[in-house]
Amino acid sequence: MTYDDKNIFAKILRAEIPATRVYEDNDTLCFMDIFPRADGHCLVIPKTPCRNLLDASPVQLAGVMATTQKVANAAMAALEADGITVQQFNEGPGGQEVFHLHFHILPRWTGVSLRPPGQPGDMARIGEVADKLRAALI
Ligand code: 5GP
């Protein structure tokens, strides 16, 4: 399996399509998922190309894990979450739909189930939550 730079997250990295950006450093970017399964559902990706966990380098993995931890802690504080679910899928049969490595950060609250996948989010609400996350990351 080879990396295809026409995937949607590569286009977000090149700013060819919009995204609600939450955090970035030299190596990684975090932005909001537009089909959020929970308030604050966001994605962490490396800025360099790889399909998923299977072809990522240790350096790419270290970068995305550090950012995932940073944003997860920000979500706990800013959104008063009770927990965080982190998801990561590999290849189509493994549940992956976008073939640029990404980790899902899903804030969780006691008694609140994840929403079904594929439901478009309210962009105003996504923007409000992103503002709270950004404020906690300063
Ligand atoms: P996976 O590949 O792990 O199954 O999930 C891909 C994720 O990307 C899904 O949660 C989906 O909602 C999200 N997604 C798909 N297209 C876009 C897009 O254009 N922008 C953003 N921000 N997220 C997207």
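What counts, and at which threshold
Residues numbered from 1 in each chain as written. Predicted model: local features only at pLDDT ≥ 70, side-chain atom pairs only at ≥ 80, totals over all residues. Heavy atoms only, no water. Salt bridge = Lys/Arg side-chain N within 4 Å of Asp/Glu carboxyl O. Helix = DSSP H or I, 4+ residues; strand = E, 2+ residues; numbered from the N terminus. Buried < 20%, exposed > 50% of the residue type's maximum accessible area, 1.4 Å probe, protein only. Core = buried A, V, L, I, M, F, W, Y, C linked by side-chain atoms within 4.5 Å. Contact = heavy atoms within 4.5 Å. Near = heavy atom within 4 Å. Polar contact = N/O pair within 3.5 Å; in protein donor to acceptor, adjacent residues only side chain to side chain. Areas by Shrake-Rupley, 256 points an atom, 1.4 Å probe, with all protein chains shown as cover. 1 Å grid on protein atoms, 1.4 Å probe; cavity = no way out; pocket = protein on both sides within 12 Å on 5 of 7 lines; lining within 4 Å. Sits in = over half its atoms within 2 Å of the grid points. Nonpolar A, V, L, I, M, F, W, Y, C, P; charged D, E, K, R; others polar.

Undergrad: Got a sec to walk through the pattern of salt bridges? Specific residues and values, please.
TA: Tallying each qualifying case throughout the model produces nine salt bridges. The partner of Glu 24 in a salt bridge is Lys 47, and the shortest N-O contact between them spans 2.7 Å. Taken together, the residues Glu 24 in strand S1 (residues 21-24) and Lys 47 in the loop between strand S3 (42-46) and helix H2 (58-78) connect sequence positions 23 residues apart. Classification of Glu 24 by relative accessible area gives partly exposed; the value is 41%. The closest approach of N and O atoms between Arg 115 and Asp 39, which form a salt bridge, is 3.6 Å. With Arg 115 in the loop between strand S5 (103-108) and helix H3 (123-137) and Asp 39 in the loop between strand S2 (28-32) and S3, this pair connects stretches of sequence that are 76 residues apart. According to the relative accessible area criterion, Arg 115 is partly exposed, its value standing at 32%. Through salt bridges that share partners, Asp 39, Arg 115, Arg 125 and Glu 128 make up one connected network.

Undergrad: Could you give an account of the nonpolar core, naming the residues involved and the relevant values?
TA: Judged by nonpolar contacts, the single largest core of 22 residues is most densely connected at Val 22, Cys 30, Met 32, Val 71 and Leu 133. Counting only elements with at least two residues in this core, the list comes to S1, S2, S3, H2, S5 and H3. Other than its neighbours up to four places away in sequence, Val 22 contacts Cys 30, Phe 31, Met 32, Ala 130, Leu 133, Arg 134 and Leu 137. Counting seven residues, the second largest nonpolar core, distinct from the first, contains Ile 12, Leu 29, Phe 31 and Val 98.

Undergrad: For the site of the ligand, give the residues involved together with the corresponding values.
TA: Around the ligand, 15 residues are found, and the nearest of them are Met 32, Asp 33, Glu 97, His 102 and His 104. Contacts to the ligand include Glu 97, whose backbone N or O atom sits 2.6 Å from an oxygen atom. When isolated, the ligand has an accessible area of 530 Å², and the protein chains bury 87% of it. Mapping the ligand onto the cavity grids shows that it belongs to the largest pocket. At the level of secondary structure, the elements contributing two or more residues to the shell around the ligand comprise helix H1 (8-13) and S2. Residues belonging to the shell around the ligand are distributed by class as follows: nine nonpolar, four polar and two charged.

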